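A closer look at the structure
Read off the chains here:
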Amino acid sequence: MLSLDFLDDVRRMNKRQLYYQVLNFGMIVSSALMIWKGLMVITGSESPIVVVLSGSMEPAFHRGDLLFLTNRVEDPIRVGEIVVFRIEGREIPIVHRVLKIHEKQNGHIKFLTKGDNNAVDDRGLYKQGQHWLEKKDVVGRARGMQYFFCWVYSCWFIVSKKPALLFLGRCRTFCYPFRVAVGL
């Protein structure tokens, strides 16, 4: 059963203590939202930090790695660059590398992506009839990464899914606690 011991603690508080606790919680939440919105403005990305959710970019990125994104409009997209994009009809963004660029005479650029660990390009992932991505599909471009979250994700994976041997292959964080990748 669910333990409701915290309710006893709340009942024992006087009104001033309870208001103070609620106010502290509100300040923490509003501070986190302000920091997130500030990062959005600075980076130009709707999501300045994302978590890698699949193994399609291994060995470059593993599940649980944090990516720091920017999305400056004036920077051109280049072959080999790692982009995070959202496909119409899917909520979860995808992290893959730009494979080819197609530039039209009017300067409009379209590009094709592929996961490093995938056998084929991403045309099968795009919406029906779409063969190329456009700049409007890009959430951001990877500018840095942090391995540490991989350890937290791996521990959660072990607790929830129970294959303990996966822990050994995923926990690279003890050797590389923090790395900012330049020129991803």
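Reading guide: rules and limits
- Per-chain numbering applies: the sequence of each chain, read as written, is numbered from 1 onward.
- Confidence filtering applies because this is a predicted model: local features only for residues at pLDDT of at least 70, side-chain atom pairs given and counted only at 80 or more, and all residues used for totals across whole chains, interfaces and linings.
- Side-chain measures here rest on the full set of heavy atoms in the structure, leaving out hydrogens and waters.
- A run of DSSP states H or I qualifies as a helix once it reaches four residues; a run of E qualifies as a strand once it reaches two. Both are numbered from the N-terminal end.
- With a 1.4 Å probe rolled over the protein chains alone, any residue whose accessible area is under 20% of its type maximum counts as buried; one over 50% counts as exposed, and the rest are partly exposed.
- Whether two residues are in contact is decided by their heavy atoms: any pair within 4.5 Å suffices.
- Every accessible area reported is derived by Shrake-Rupley at a probe size of 1.4 Å, with residue values counting cover from the shown protein chains alone.
- UniProt positions are given in the numbering used here, feature names are shortened, and annotations may be inferred rather than shown by experiment.
- Think of a salt bridge as a Lys or Arg side-chain nitrogen and an Asp or Glu carboxyl oxygen that are within 4 Å of each other.
- Centres within 6.5 Å make a pair out of two Phe, Tyr or Trp rings, where for Trp the six-membered ring is used; the pair is then stacked when the planes are under 30 degrees apart, edge-to-face when over 60, and tilted otherwise.
- A ring has a charge above it when a Lys NZ or an Arg CZ is no more than 6 Å from the ring centre and no more than 35 degrees off the ring normal.
- Paired strands are those between which DSSP finds at least two bridges.

This paragraph deals with the overall build of the chain. Counting secondary structure elements, the chain contains four helices and seven strands. Ordering the α and β elements of the chain from the N terminus gives α-α-β-β-β-β-β-β-β-α-α. In the chain, which comprises 184 residues, the share counted as buried stands at 30%. For the chain, restricting intrachain contacts to residue pairs at least 6 apart in sequence, the fraction spanning at least 24 positions comes to 54%. Summed over its atoms, the accessible surface of the chain is roughly 12,300 Å², and 63% of this surface lies on carbon and sulfur atoms.

What follows covers the UniProt feature "transmembrane region" (unreviewed entry) in the chain. Per the UniProt record, "transmembrane region" (unreviewed entry) is annotated on residues 18-36. In this annotation, residues 18-36 is assigned 100% helix and 0% strand; the end-to-end C-alpha distance for the span is 27 Å.

Opposite charge on two side chains makes pairing possible when the charged atoms of those side chains draw close. This model, assessed by the stated rule, comprises seven salt bridges. The shortest N-O distance in the salt bridge between Arg141 and Glu81 comes to 3.6 Å. Here Arg141 is found in strand 7 (residues 138-146), whereas its partner Glu81 is found in the loop between strand 2 (66-70) and strand 3 (82-85), with 60 residues between them in sequence. Assigned by exposure class, Arg141 and Glu81 land together as buried. Across the salt bridge formed by Lys127 and Glu88, the nearest N and O atoms sit 3.1 Å from each other. Of this pair, Lys127 sits in the loop between strand 5 (109-114) and strand 6 (133-134) while Glu88 sits in the loop between strand 3 and strand 4 (94-103), placing them 39 residues apart in sequence. Taking relative accessible area as the criterion, Glu88 reaches 58% and is therefore assigned exposed. A cluster of three or more residues bridged by salt bridges with shared partners is formed by Glu81, Arg141 and Arg143.

Here the focus is the packing of aromatic side chains. Applying the stated rule across the entire model yields one aromatic pair. For the ring pair Phe85 and Tyr126, a centre distance of 6.2 Å and an interplane angle of 80° mean the geometry is edge-to-face. Taken as a pair, Phe85 in strand 3 and Tyr126 in the loop between strand 5 and strand 6 lie far apart in primary sequence, 41 residues in all. You can call Phe85 buried: its relative accessible area is 0%. By relative accessible area, Tyr126 is classed as buried at 5%. Positioned above the aromatic ring of Trp132 is the side chain of Arg123, whose terminal nitrogen or guanidinium carbon lies 5.3 Å from the ring centre.

Strand pairing in a sheet relies on backbone hydrogen bonds, with the paired strands running either antiparallel or parallel. Read across the open sheet, the seven strands follow the order 1-2-7-3-4-5-6; overall the sheet is antiparallel. Sheet topology places strand 1 (49-51) and strand 6 at the edges, where each strand pairs with a single neighbour. Taken together, the two bridges between strand 5 and strand 6 define a ladder with antiparallel strand orientation. Bridge pairing in strand 6 places Phe111 opposite Leu133.

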